[in-house]
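# Structural features, examined
Here is how the chains run, residue by residue.
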Amino acid sequence: MKASYFLASKYAQALLNTLEKKGEISRLDEYVEAFQRLKKALDSSETLRDLVYSPLVPTKHIVTRMKEVSEFEDTIFIQFLEALVDKRRQNLIPFMSLILYQESLEREKVVEVRLILPSRTTNKVINQIKQAIHNKTGREIKLVTEFNEDLIGGLQLYIGDKFFDFSVKGFLQNIQSAYAPVGGGENI
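This write-up is about the structure you can find in this document. What you see is a predicted model; the values in this text were computed from it and never measured.

### With respect to the overall build of the protein chain
Across its full length, the protein chain carries eight helices and four strands. Secondary structure of the protein chain in N-to-C order comes out as α-α-α-α-α-α-β-α-β-β-β-α. Rg of the C-alpha trace for the protein chain: 21 Å, well past the compact-globule value of 16 Å for 188 residues, more than 25% over. For the protein chain, the C-alpha atoms occupy an extent of roughly 60 × 40 × 25 Å along the three principal directions. Among the 188 residues that make up the protein chain, the fraction classed as buried is 34%. Sequence separation of 24 or more characterises 67% of the internal contacts of the protein chain that already satisfy a separation of 6 or more. Here the protein chain displays about 12,000 Å² of accessible surface, and carbon together with sulfur accounts for 52% of that area. Once the 26 positive and 25 negative side-chain charges of the protein chain are each reduced to a mean point, those two points are 3 Å apart.

### Examining the environment of Thr137
Summarising the element assignment, Thr137 is placed in helix α7 (residues 123-137). Overall, Thr137 belongs to the partly exposed group, its relative accessible area being 34%. Reaching out from Thr137, the side chain makes a polar contact with the backbone nitrogen of Arg139 at a distance of 3.3 Å.

### What about the packing of helix α2 (residues 28-44) against helix α6 (residues 93-107)?
For the pair α2 and α6, the least separation of the axes is 9 Å and the interaxial angle reads 150°. Relative to α6, the element α2 lies roughly antiparallel. In terms of crossing hand, the pair formed by α2 and α6 is left-handed. Between α2 and α6, the contacting residues are Leu28, Asp29, Val32, Phe35, Gln36, Leu38, Lys39 and Leu42 on the first element and Ile93, Pro94, Met96, Ser97, Leu100, Tyr101, Glu103, Ser104 and Arg107 on the second. Of the residues in the contact of α2 with α6, the class split is ten nonpolar, three polar and four charged.

The rules we used
Residues numbered from 1 in each chain as written. Predicted model: local features only at pLDDT ≥ 70, side-chain atom pairs only at ≥ 80, totals over all residues. Heavy atoms only, no water. Helix = DSSP H or I, 4+ residues; strand = E, 2+ residues; numbered from the N terminus. Rg over C-alpha atoms; globule rule 2.2 N^0.38 Å. Buried < 20%, exposed > 50% of the residue type's maximum accessible area, 1.4 Å probe, protein only. Contact = heavy atoms within 4.5 Å. Areas by Shrake-Rupley, 256 points an atom, 1.4 Å probe, with all protein chains shown as cover. Lys, Arg positive; Asp, Glu negative; His and termini not counted. Charge placed at Lys NZ, Arg CZ, Asp CG, Glu CD. Polar contact = N/O pair within 3.5 Å; in protein donor to acceptor, adjacent residues only side chain to side chain. Axes fitted to C-alpha atoms, helices over the stretch in contact; angles between N-to-C directions. Parallel < 35°, antiparallel > 145°, perpendicular 65-115°, else oblique. Left-handed = near helix turned anticlockwise from the far one by under 90°. Nonpolar A, V, L, I, M, F, W, Y, C, P; charged D, E, K, R; others polar.

Here's what the structure looks like:
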């Protein structure tokens, strides 16, 4: 069965509701980390994927293996994994990992920003960019910095799921698309 973001969001919401009812919502980050470890293991191990997604492997064995990989001994978490596997919905784990992470950031009023720069930059400049984003959003910033030598200058930002291209490369591509011939011909 193909994974569905919509369906994963329903399961994630059910888990969040359960955590709220049980007074465990303050432990959301622990659940997020467990799902992220599980996702990472599934992404990197074909053997684990084959085991977890196999319709022939008993539910109890799949849950036990996922519990080991997640390194999280929690009753609610294990019961949730059992429910996922009983319904054959373990393929939703990658989406759920993302959804729960985003929910955790939202609850903490934090925005994750991915900053892509052309080369190494001083911490002073990076902190100025972080402060400017904080001033615009009014939220705490979790900054992930990357360097891409393909950029000529400027920077690119991913703020949440939005992309902002303030690079020279992006500027040149915008000029090219604006002035590209309509009926064919050569590009700049």
